Amino acid sequence: MLKNYFKIAWRNIVRSKGYAFINIGGLGVGMASAILILLWIQNEVSMDREHPKSDRIYRMYNRDTFSGELWAWGTTPKIMGPTLEKDYPEVEQAVRINHANFLFTVGDKKMNESGSFIDPDFLDVFDFPMLQGNSSTALEDPYNMVVTEDFAKKLFGSEMAVGQTVKIDSTDIFTVTGVLENLPNNTRFQSDYFLSWAYMKKLGWDDEWWGNNSVENYVLLSENASHEAFNEKVINITKEHTNGENTADVFSYPLSQIHLYGKSENGQLVGGRIVTVRMFGFIALFILVIACINFMNLSTARSEKRAKEVGLRKVVGARKTSLIAQFIGESTLIALIAGVLAILLVELALPSFNTLIGKQLFLPYTEVIFWLQLISFILLTGLLAGSYPAFFLSSFSPVNVLKGTFRSAASAVNPRKILVVIQFSFAIILIVSTIIIQRQISHAQNRELGYNQDNLIFINMQGDIEKHYSAIKQALLSSGSSLAITKSMSPITQRYSDGWGYSWEGSTPEDEKLDFIRFSADADFMKVMGTKLVEGRDIDIYEFASDSTAILLNETAIRKMGLENPLGQIVSDGEDNYTVVGIIEDFIFESPYDPVNPLMVFGPSSWFSYLHIRLNPDQPVADNLAKIQSVFEEFNPNFPFEYQFADEQYARKFDDTARTAKLSIVFTILTIVISCLGLFGLSTYMAANRLKEIGVRKVLGASVGSISLLLSKDFLKLVGISFLLSVPIAWYIMDQWLQDYQYSVGVEWWVFVATGMVTMLIALLTVGFQSIKAALTNPARTLKSE
């Protein structure tokens, strides 16, 4: 019987090639789109969940109130990890990780690479697969290092890496004691190498100050430990070790939840990446449902073609259940063929899709679970697509069918019309969402920066740059390549440090919880950055010796501090006093989507890590860079000359939102294509069924225009209803999405009007082609049998 069902199904597919093509094509594109999205979602939700002990690993967080808001953040003191492991029995292991960036030299090879300092037990806690070496002993010595497989090949080619030596920053020799498998792209720990925490201590970068929240601390709780009970015990650990001077509460948070729920809202980690994951999950469902609706509509629209078959089968004894099984079998066969097409489309699209999302996703053909999931997905799609047509077709009365009195429903409201409305409602929601996401990006990109990015570069102060700074600065200015140079603790596009606990004349205890971004400069800060001075002057330690303790404040800082006459004010940080010498206009230092935060620019009493150089705009950039490179090669020969443009680094702040926008555009276009494919097939069939009516109307004098309008208006009405239903839904979704951005574009009425007009035009073009074609048909040919 099953074999017979599939035979009949295959014959029906072959007999109606055009509709089979539309059904298979629509389902195939829909399934391929859903598979791509599901691959991405699977990668997102599995972030750091594949570690064998991931259910017992927690990251330590702080929670405190700043500027009247409760915040939670995941950097904690370096001393916290060892203290937790020593004093809390439920902590099986505590490990730390901190960013590292060094120059590696092997023979003639020199390369700057990013890695991490870790406690030796880190590799046991997270259990990254080790290809060579022993993870338990690999970092016992301060001068041992563990590298990834790809980094080992960059350093040593095809040679065995373990036992090889590497020079770091032209000073220390390290021995490779382990090679890890390349880290998966669904882990937050993206490092090319790992160095021992003991080496960081030798460099003098470790400390036991409970006020320095600068590293990530992770704990592995014992198997019988309660996470809630542990949080109750550690909440006051910082307060206890600072005699209450530091008021932060401490808590632990599951490793598996950090990626999806990493955004702090009122001190709770409740949002973040999960919003985007859910959004694309709904998009995958929308696309698949739209493809299934195409199948349902075309199947029920062609009901008259199958009516006599159903009537005859019932007369000879076929039961309704067997007819349902047959039609479900047909839809399943079409879904299987569409599934094969979908896999081919996914394979073709994956390279471009991976480039778009910045990851390396793949179909795991060697895993049994993949095939089980794929087959289940195809069968579920076939069942979803074929369920309504199966029940609809199997319900025909054989008496009415065989007497020729059967006609498909033409009521004002029928399931087919409802399905078209649902289909285009989804499409309109996606179009509105895509437009608003694009507008949000453009809104932030067009925001006034407050500083001049053009011809501005920054360079990491490695090697002998600090030692020869004065000579380098003089050589750069003399070469004509540079207009001004300044030192700073971080790039102009990133926050490396912030702090609170400051006081000033008239400040209150609450003011000590005002959080300031910290930056630094030696001289010519405004000339280099292109910021504007409101009052006072710039920091210049070469002209004013006292500027070693000078600070600049931005306008937001002045406003938050409540200073009426800020120049000359003394700002205290414990026993250290700083004098305000200038006020600068606000500029965007961090996220372009957020308000400007209070900023302090310190003189050289702070630390420096970067040079910022304002290039000479009257000379070609390439010539400027060539001259600058020759200067650095002279004074810092052991390090490669590497630089970054400020405008390029700032543009990276839009990468994540831009990626979301591009994905939305791609899947919105696919949704429209699938919807139009179904509408085209439906209009084709409807026009074919009304050819005799059209012939009669033409004989009686109807024009091509009036006939085209007659055939198109019913579909346009459905699109209009879709628009009215989808507008409030789309408004609510995007209003919620924009809540994540304090500097947002808002949801404006004209977006919906434009979307409605575009959707109507698309539908009119899709249906109009068939309508005009039918209206132009010669009535003599359609009426000759009459």
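Conventions adopted
- Residues numbered from 1 in each chain as written.
- Predicted model: local features only at pLDDT ≥ 70, side-chain atom pairs only at ≥ 80, totals over all residues.
- Heavy atoms only, no water.
- Phe/Tyr/Trp six-rings, centres within 6.5 Å; stacked < 30°, edge-to-face > 60°.
- Helix = DSSP H or I, 4+ residues; strand = E, 2+ residues; numbered from the N terminus.
- Buried < 20%, exposed > 50% of the residue type's maximum accessible area, 1.4 Å probe, protein only.
- Lys NZ or Arg CZ within 6 Å of the ring centre and 35° of its normal.
- 1 Å grid on protein atoms, 1.4 Å probe; cavity = no way out; pocket = protein on both sides within 12 Å on 5 of 7 lines; lining within 4 Å.
- Points joined across faces, edges and corners; volume = space filled by probe spheres on them.
- Nonpolar A, V, L, I, M, F, W, Y, C, P; charged D, E, K, R; others polar.
- Salt bridge = Lys/Arg side-chain N within 4 Å of Asp/Glu carboxyl O.
- Patch = residues over 30% accessible without salt bridge, like charges linked within 9 Å, V, L, I, M, F, W, Y side chains within 5 Å.
- Areas by Shrake-Rupley, 256 points an atom, 1.4 Å probe, with all protein chains shown as cover.

K.L.:
For the packing of aromatic side chains, give the residues involved together with the corresponding values.
P.N.:
Enumeration over the complete set of coordinates arrives at 47 aromatic pairs. Here Phe174 and Tyr199 contribute two aromatic rings whose centre-to-centre distance is 4.7 Å and whose plane-to-plane angle is 90°, an arrangement assigned as edge-to-face. Linking Phe174 in strand β9 (residues 172-180) with Tyr199 in helix α6 (residues 197-202), this pair joins segments that are 25 residues apart in sequence. When its relative accessible area of 0% is taken as the criterion, Phe174 is described as buried. Judged by its relative accessible area of 2%, Tyr199 is buried. Ring pairing ties together the aromatic residues Phe102, Phe117, Tyr143, Phe174, Tyr199 and Trp205, which thus form one cluster. Sitting over the face of the ring of Tyr469, Lys487 holds its NZ or CZ atom 4.4 Å from the ring centroid.

K.L.:
Let's hear about empty space enclosed by the protein: which residues, and what values?
P.N.:
Inspection of every chain in the model, using the stated rule, returns 3 cavities of 30 Å³ or more. Considering only residue class, the lining of the second largest cavity consists of 3 nonpolar, 2 polar and 3 charged.

K.L.:
Residues and numbers for the pattern of salt bridges, please.
P.N.:
Enumeration according to the criterion identifies 20 salt bridges in this entry. Arg495 is paired through a salt bridge with Glu590; the nearest N and O atoms lie 2.5 Å apart. Note that Arg495 is positioned in the loop between β16 (482-488) and β17 (498-499) and Glu590 in the loop between β23 (576-584) and β24 (599-602), a separation of 95 residues in sequence. In this structure Arg495 comes out as partly exposed when scored by relative accessible area, which is 30%. One connected set of salt bridges, linked through shared partners, spans Glu44, Arg273, Lys359, Asp656 and Arg659.

K.L.:
A description of unusual backbone geometry should follow, citing residues and the corresponding values.
P.N.:
Positive phi, normally seen in glycine, also occurs at Asn243, with a value near 55°. Among the structural elements, Asn243 can be located in the loop between α8 (237-241) and β12 (249-254). Exposure remark for Asn243: the relative accessible area of 75% places this residue in the exposed category. Even without being a glycine, Asp524 presents a positive backbone phi close to 60°. Turning to its location among the elements, Asp524 is positioned in the loop between β19 (516-520) and α17 (525-529).

K.L.:
Tell me about a nonpolar patch on the surface, and name the residues and values.
P.N.:
On the surface, Tyr365, Trp371, Ile375 and Leu379 cluster together to form a nonpolar patch covering roughly 380 Å² of accessible area. Looking at the element boundaries, Leu379 is found in helix α13 (residues 368-393). For Leu379, a relative accessible area of 43% puts it in the partly exposed group.

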